[in-house]
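# Fold and geometry: a report
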Amino acid sequence: MDEMAQLNLMGSDIPTPTPAELRGEERRLLAEIATPGSERLPGSGVLERLMRPVGGGRPRPVLVAGVATGLAAASVAGVALTGVHSRGPGSSYLPQAVPVAVVQTLGHAADAASRQRELHPKPGQFLVFESQTMEPTDSNSKEHGHSRYLSRARRTIWLPVSGRATGGVLLERGLPAKQYGNWPLPPEARQEVGTTGPTRAADVDNRAEYLRTDYAYLSRLPADPKGMRAHLYTGLKAGTAQGDLEAWSRVGGMLTEAYMPAAQRAALFRAAATIPGAEAVGSAEDAAGRTGVAVARVEPAAGERTEYIFDRRTYTFLGQRTVVVDAEKAQAPVGTVTESTAQLSVRVADSAPKVSGG
């Protein structure tokens, strides 16, 4: 694990600062920045002072308010600074910033995991997920040419407690489709309303072993943030754009139509807080119209932002969504929601419905 992540995890037990504390740090930082450099003692610069190791030992994580024009709230604009060893010759520590709101939101979600009702599925049983989804669909026809729209559905999926998705069963009810950006709705989009299934959840599930999301596998994962982070980066290079992006995506794969014990859920949320590039979203809406707060990460190549949404009161995971941040790359106006889910309920069942025609 890279040094930045180690230090973030090392500071996971540090109390979250209050907005008032963050504002105080902001005032001190601004005052010191305004002081001419010639009037300061050597080594008294704000970053030098804040990054000074405690008692000559490891670097001290500190919290300061973000210095930016028009700060709306210190708790949102704040960043958590940790000192890391520079790899350059003759260097000591360099500050690294993690948005306070990201750490705070995921920390609350981790704490909430132990308070939420726990399921105890057994081998041979099924986890039943009820959800609402919206995803982009491409359409090609001789009459209307290429088009794109957003398919919507309410779905119930029975997934085996142990085993691949090929052993699962899906029942889906199509909902009225929506436009994708400015694309007109093609006639075939209106034909998706209605119920299909029960059908086999998947014909093929060739995911690598470390990408399994069945309960039996997830319950064996590390229950500590450091070990969970190592799992998220299996086969990836931490600190690279592609590695961090894929690790963030894997977090979503372990939350959507997947269930794990509280200890692993808490570790997952704390590990996610160490993935570089995350940002906070003050308000986000899942596929069912429920609003909450979110943590997100932008995928520059796609021009989109992937958000994980939590109830703002209980910090229960609500769902995820994808939002356009670059109109040209995503071929939709900025702010368009191109994909979303809402996890409505999770329960345990002894059996699954018989597959249609089977």
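Presented here is a report on the structure given in the accompanying data block. Just so it is clear, the model here is predicted, and its values are computed rather than measured.

## Things to note about the pairing of strand β6 (residues 169–179)
Taken together, the nine bridges between strand β5 (residues 145–160) and β6 define a ladder with antiparallel strand orientation. If you follow Arg155 over to β6, its bridge partner there is Glu172. Alignment of β6 against strand β7 (residues 194–200), held across five bridges, turns out to be antiparallel. Within β7, the residue paired with Gly174 across the bridge is Gly194.

## Some words on helix α9 (residues 262–272)
Of all eleven residues in α9, nine are buried, a share of seventy percent or more. Restricting attention to buried positions, one finds in α9 the residues Ala262, Gln264, Arg265, Ala266, Ala267, Leu268, Phe269, Ala271 and Ala272. Buried-residue contacts for α9 involve α5 (100–113), α6 (215–218), α7 (225–232), α8 (241–253) and β10 (304–310).

## A word on the side chain of Thr213
Considering the arrangement of structural elements, one finds Thr213 in the loop between β7 and α6. A relative accessible area of 17% places Thr213 in the buried class. Setting aside its immediate chain neighbours within four residues, Thr213 contacts Arg207, Leu218, Gly253, Met254 and Ala258.

## Notes on the nonpolar core
Here is a general trend for soluble globular proteins: nonpolar side chains tend to be buried in one another's company. Counting residues in each nonpolar core, the largest one holds 35 residues, and the members touching the most others are Leu106, Leu232, Val251, Met254, Leu268 and Phe310. Among the elements that line this core, the one with the most residues is α9, at seven residues. Ignoring anything within four residues of it in the chain, the contact list for Leu106 reads Phe269, Ala272, Ala273, Val295 and Phe310. Among the nonpolar cores identified, the runner-up in size contains twelve residues, and Leu127, Phe129, Val161 and Val346 belong to it.

Parameters and conventions
- Residues numbered from 1 in each chain as written.
- Predicted model: local features only at pLDDT ≥ 70, side-chain atom pairs only at ≥ 80, totals over all residues.
- Heavy atoms only, no water.
- Pairing = 2+ DSSP bridges.
- Helix = DSSP H or I, 4+ residues; strand = E, 2+ residues; numbered from the N terminus.
- Buried < 20%, exposed > 50% of the residue type's maximum accessible area, 1.4 Å probe, protein only.
- Contact = heavy atoms within 4.5 Å.
- Core = buried A, V, L, I, M, F, W, Y, C linked by side-chain atoms within 4.5 Å.

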